[in-house]
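Architecture at a glance
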Amino acid sequence: MRCCGVYYACKDCHEVLADHAIQVWLRSEWNVRAVLCGACGHELTIREYVDSGSQCPQCAAGFNPGCRNHYHFYFATEDAS
């Protein structure tokens, strides 16, 4: 999570376990390694994750394809001006 630098499985887990609100990663930060593959531990940049086709580029483990429906909770599609 951008707000605390901790990997959580989802926004709901963060909401239960953290004592602060989620901060969305800005589009200009999509080169930051901010996504963790649960299978092999590879850290992906946000861009790699969004472009991955729901598969880890390191080990080919599948990511939940439905997660793309929740990107807006984590990643801004454009930077605020």
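For the structure, see preceding data.
Here we summarise the structure given alongside this text.

Reading the values: the criteria
- Residues numbered from 1 in each chain as written.
- Predicted model: local features only at pLDDT ≥ 70, side-chain atom pairs only at ≥ 80, totals over all residues.
- Heavy atoms only, no water.
- Helix = DSSP H or I, 4+ residues; strand = E, 2+ residues; numbered from the N terminus.
- Disulfide = S-S within 2.5 Å.
- Buried < 20%, exposed > 50% of the residue type's maximum accessible area, 1.4 Å probe, protein only.
- Phe/Tyr/Trp six-rings, centres within 6.5 Å; stacked < 30°, edge-to-face > 60°.
- Lys NZ or Arg CZ within 6 Å of the ring centre and 35° of its normal.

With that settled, the discussion passes to the environment of Gly 62. Structurally, the position occupied by Gly 62 is in the segment after helix H2 (46-50). As a C-alpha pair, Gly 62 and Cys 4 span 58 residues in sequence and 26 Å in three-dimensional space.

Let's shift gears to the state of the cysteines. Evaluation of the coordinates by the stated rule reveals 0 disulfides. With no disulfide of its own, Cys 10 lies 3.6 Å from the sulfur of Cys 13, the closest cysteine sulfur. The partly exposed category is assigned to Cys 10, whose relative accessible area is 24%. The thiol of Cys 67 is not disulfide-bonded; the next cysteine sulfur, from Cys 10, is found 8.6 Å away.

The next subject is the packing of aromatic side chains. Considering all chains together, one arrives at 6 aromatic pairs under this definition. Among the aromatic residues, those joined into a ring-pair cluster are Trp 30, Tyr 49, Phe 63, Tyr 71, Tyr 74 and Phe 75. The ring of Phe 73 carries the charged tip of Lys 11 above its face, separated from the ring centre by 4.6 Å. Cation over ring: Arg 27 sits above Trp 30, and NZ or CZ is 4.2 Å from the ring centre.

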